[in-house]
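# Notes for the structure review
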Amino acid sequence: MFAFALFLLGFVVSAVAVRYAIIAAHRFGVVDKPGGHKAHDTVTPFVGGVGVLAATLCGAALVEHFYNLFDARLYAFVLGILTMWVTGFSDDILNISFKIRLVIQAAVGLAMVYWGGVALHDLGYLASSTEVVSLGVIGVPLTLIATMGAINALNMIDGIDGLSGSISIVSLLLIAFAVFMAGDTAHFSLILVIAGGVAGFLYHNLRYLNRRRARCFLGDNGSMQLGFIFAWLLTDFSQAGDVTPRAITPITTLWLFAVPLIDTLCVMLRRIWMGRSPFHADRNHLHHLFLRAGFRVQDTVLVLAFVQLCFGAIGLGGMYAGADELTMLFAFIGAFALCFYILLRPWRLVPLLRRVNRLLGFTSAHAVGVHLSGLTADEFAGVSEVLNRNICPYADFRFSVYRPDSAAPGESYGVIELLCDDQDLSHAQVSRIITSLRREIRGQRSVKVRQFVDRKPSHDRRHAGKQKPIERRQGERRSPRRGTLIYRMESAAGEPSVIAKRPTMSSVMNESVARL
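Read on for a plain summary of the structure. (Residues numbered from 1 in each chain as written. Predicted model: local features only at pLDDT ≥ 70, side-chain atom pairs only at ≥ 80, totals over all residues. Heavy atoms only, no water.)

## Examining the overall build of the protein
Check the secondary structure of the protein and you find 19 helices and eight strands. Burial status across the protein gives 48% buried among its 516 residues. Long-range contacts, defined here as pairs at least 24 residues apart, represent 71% of the contacts in the protein between residues at least 6 apart. For the protein, the accessible surface area stands at approximately 25400 Å², while carbon and sulfur atoms represent 61% of it. (Helix = DSSP H or I, 4+ residues; strand = E, 2+ residues; numbered from the N terminus. Buried < 20%, exposed > 50% of the residue type's maximum accessible area, 1.4 Å probe, protein only. Contact = heavy atoms within 4.5 Å. Areas by Shrake-Rupley, 256 points an atom, 1.4 Å probe, with all protein chains shown as cover.)

## A short note on the packing of helix α10 (residues 258–273) against helix α13 (residues 325–343)
Describing two packed helices takes the angle between their axes plus the distance from one axis to the other. For the pair α10 and α13, interaxial distance at closest approach is 10 Å and the crossing angle is 50°. One way to sum up the angle between α10 and α13 is to call them oblique. Crossing of α10 over α13 shows right-handed handedness. Of the residues in α13, those touching α10 at Ala-258, Leu-261, Ile-262, Leu-265, Cys-266, Leu-269, Arg-270 and Trp-273 are Phe-332, Phe-336, Cys-339, Phe-340 and Leu-343. Class assignment for the residues of the contact of α10 with α13 results in 12 nonpolar, no polar and one charged. (Axes fitted to C-alpha atoms, helices over the stretch in contact; angles between N-to-C directions. Parallel < 35°, antiparallel > 145°, perpendicular 65-115°, else oblique. Left-handed = near helix turned anticlockwise from the far one by under 90°. Nonpolar A, V, L, I, M, F, W, Y, C, P; charged D, E, K, R; others polar.)

## Looking at the environment of Gly-483
Here Gly-483 shows up in the loop between α18 (461–464) and β7 (484–491). A residue is classified by how much of its surface remains accessible, and Gly-483, at 1% relative accessible area, is buried. Considering only alpha carbons, one finds Gly-483 and Arg-403, 80 residues apart in sequence, at a separation of 5.4 Å.

## With respect to helix α3 (residues 72–94)
Compared with the 33 Å implied by 1.5 Å per residue over 23 residues, the 32 Å span of α3 between its first and last C-alpha is a close match. Turning to α3, its buried residues number three or more, namely Leu-74, Ala-76, Phe-77, Val-78, Gly-80, Ile-81, Met-84, Thr-87, Gly-88, Phe-89, Asp-91 and Asp-92. Buried residues along α3 sit in contact with α2 (48–66), α4 (98–114), α5 (139–156), α7 (185–205) and α8 (219–237). With its phi angle positive at about 55°, Asn-95 sits one or two positions after the end of α3. (Expected span 1.5 Å × (residues − 1).)

## A word on the pattern of salt bridges
Evaluation of the coordinates by the stated rule reveals eight salt bridges. Of the charged contacts, one joins Arg-207 and Asp-161 as a salt bridge, the two residues approaching to 3.1 Å between their closest N and O atoms. With Arg-207 in the loop between α7 and α8 and Asp-161 in the loop between α5 and α6 (163–181), this pair connects stretches of sequence that are 46 residues apart. In this structure, Arg-276 engages Asp-282 in a salt bridge whose closest nitrogen and oxygen atoms are separated by 3.9 Å. (Salt bridge = Lys/Arg side-chain N within 4 Å of Asp/Glu carboxyl O.)

## A closer look at the side chain of Thr-56
Examined against the element boundaries, Thr-56 turns out to sit in helix α2. For Thr-56, a relative accessible area of 1% gives the class buried. Excluding its chain neighbours within four sequence positions, the residues that come into contact with Thr-56 are Phe-77, Ile-81, Leu-190, Ile-194, Gln-225 and Ile-229.

## Considerations on the packing of aromatic side chains
Considering all chains together, one arrives at 16 aromatic pairs under this definition. With 6.1 Å between their ring centres and 75° between their planes, Phe-11 and Tyr-203 make a pair best called edge-to-face. With Phe-11 in helix α1 (residues 2–28) and Tyr-203 in helix α7, the pair connects residues that are 192 residues apart, well separated along the chain. Classification of Tyr-203 by relative accessible area gives partly exposed; the value is 37%. Between Trp-273 and Phe-340 the ring centres are 6.4 Å apart and the planes differ by 70°, which places this aromatic pair in the edge-to-face class. Here the residue Trp-273 occupies a position in helix α10, and Phe-340 occupies one in helix α13, the gap between them amounting to 67 residues. (Phe/Tyr/Trp six-rings, centres within 6.5 Å; stacked < 30°, edge-to-face > 60°.)

## What about the state of the cysteines?
The final tally for this structure, using the stated rule, is zero disulfides. Cys-266 provides the cysteine sulfur closest to Cys-339, a residue in no disulfide bond, and the two sulfurs are 5.7 Å apart. A residue is classified by how much of its surface remains accessible, and Cys-339, at 24% relative accessible area, is partly exposed. (Disulfide = S-S within 2.5 Å.)

Below, the structure written as structure tokens:
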């Protein structure tokens, strides 16, 4: 109950702060405008970091009041957070040079080391079970690299609504668990308030229920701030203090920050491999590949947050099970190498992700309707009543039945196309229609109901990588033609009846369907 109260405190403080920040941002024009490589289509405030900042400051004040054991470390921590928030907010508005950002991040890292006393002194028991691998003079430079890496890794993965926040809250809760197991109640309380603050921001940022777009973005002011928090916490808890034991091993920190770390390193190494600058922006991050494979934004966030949970659970599980730290390091390197090999050829990963999307039962972002097969042409005519009852009240649709050009007598298939301009709304309708149809035809094993995906070059892996001659398409199992239209009906949402159209024999012979 105490932990939940701390989390709820951070949630409320953050949610209220973000709410008023959104109002102020619209009033003063501090918003992110659509255009260029940006995916959103409306002006959106980038004030998510305000909520995280408010919750973090609230948590720091609370912990200082009740525990009073941070002294100078607390001021260094708060200074670093404020500096990152100001730098990120300036970047959101003015788009400052990455060189300036790196200099400021390095300065904050130095303050963390020399003022806060948080630095990497050793890499744990890698060589033996009795002696740690000391870093000596390279400890400070390595701390600065790790700090700057964490800040920029979380910033680079912040490409879709809710991703950075969801991954952050998973990692924060895992860190809180490790700190709790170590008996550090003060830091446990602080982390829970921060995690609640991230949840308060996600309340305004995630797409859920009928919300089809984010009310605000995390912005660089939020992602850089969270990156510094992770750099501080992971560095601090991985090193043994004067009177406190280490809560996690240095190798476990890699697992607790795995998704942002692996994604950033893989993308940058791939750019170098392709002969480009590692800072050259592209669309080959993990979330970009998920979206290209047809995952919706909310499904991508869910999957990647679950992947981070699995990585973190493996790291903590190995640590508590007493696994050799060198073995855990090699396991992480192996996971990274596998991810890099897969991401090196994204056009091979996308088809695999499409199959995963279907196995998980998610609605594809490319779905424009529903495909029915396993019924005869006469049986399809009876489907119109089911469609009129289940779809007509809330959607405009077109139901067409086709006979493939090389089909056996009586063989046909149907296509239900949603005539909806709102893509997110059509996704919800596709899922609802599939559920309704499967319920109506329960027991008919020969009938198959699946999503109908629009056929475009961008959805085909043969166009994603190297261009191939058109002759290579001759052996494809799917024809670029739907076949001959034999039945069609159309409906407008809310109308009580369906307009049925049966083509004449001459039109049936002449009508064919264009490419999907």
